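Observations on chain architecture
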Amino acid sequence: MEKLIRFFKDEEGATMIEYALMVALIAVVCIVAVTAMGTGANNMFTKIANAL
């Protein structure tokens with residue numbers, strides 16, 4: 001019974017899940033930012049190419 005109580009009070013697994021969620025969210029934000037910058041750079045180079 002004591003082991004069961006200790007298991008439910010243990011928050012180490014929950015902390016690991018929280019860190020995994022934060023890492024996933026940061027990765028998504030980075031991917032969105034890089035995609036947006038890439039699209040903007042592509043548009044800029046297209047305008048320069050058309051002007052030349």
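On a predicted model such as this, the values are computed, not experimentally measured, just so you know.

1. Quick notes on the overall build of the protein
The helix and strand tally for the protein stands at two helices and zero strands. Dimensions of the protein along its principal axes, counting C-alpha atoms only, are 80 × 10 × 5 Å. By the burial criterion, 0% of the 52 residues in the protein qualify as buried. Total accessible area on the protein stands at roughly 5100 Å², and carbon and sulfur atoms take up 73% of it. The averaged location of the 5 negative side-chain charges in the protein is 6 Å from the averaged location of its 4 positive side-chain charges.

2. Details of a nonpolar patch on the surface
Together, Met 1, Leu 4, Ile 5 and Phe 7 make up a nonpolar patch on the protein surface, roughly 490 Å² of accessible area in all. Turning to its location among the elements, Ile 5 is positioned in helix α1 (residues 2-9). For Ile 5, a relative accessible area of 45% gives the class partly exposed.

3. Regarding the environment of Met 37
Take Met 37: it is sitting in helix α2 (residues 12-51). As a C-alpha pair, Met 37 and Lys 3 span 34 residues in sequence and 52 Å in three-dimensional space.

The rules behind the values
Positions within a chain are numbered from 1, following the residues in the order the chain's sequence is written. Under the rules for a predicted model, residues below a pLDDT of 70 receive no local features and side-chain atom pairs below 80 are neither given nor counted, while totals for whole chains, interfaces and linings still include all residues. For side-chain calculations, the full set of non-hydrogen atoms in the structure is used, while hydrogens and water are omitted. Strands are runs of DSSP state E lasting at least two residues, helices are runs of H or I lasting at least four, and both sets are numbered from the N terminus onward. Only protein chains enter the area calculation, which uses a 1.4 Å probe; residues under 20% of their type maximum are buried, those over 50% are exposed, and those in between are partly exposed. We get accessible surface area from the Shrake-Rupley algorithm with a probe of 1.4 Å; when it comes to residues, only the shown protein chains can shield them. Think of it this way: Lys and Arg go in the positive column, Asp and Glu in the negative one, and His and the chain ends go nowhere. For the purpose of locating charges, the reference atoms are NZ of Lys, CZ of Arg, CG of Asp and CD of Glu. For patches, a residue must show more than 30% relative accessible area and have no salt bridge; joins then use 9 Å for like charges and 5 Å for nonpolar side chains, namely Val, Leu, Ile, Met, Phe, Trp and Tyr. Throughout this description, the term salt bridge denotes a Lys or Arg side-chain nitrogen within 4 Å of a carboxyl oxygen of Asp or Glu.

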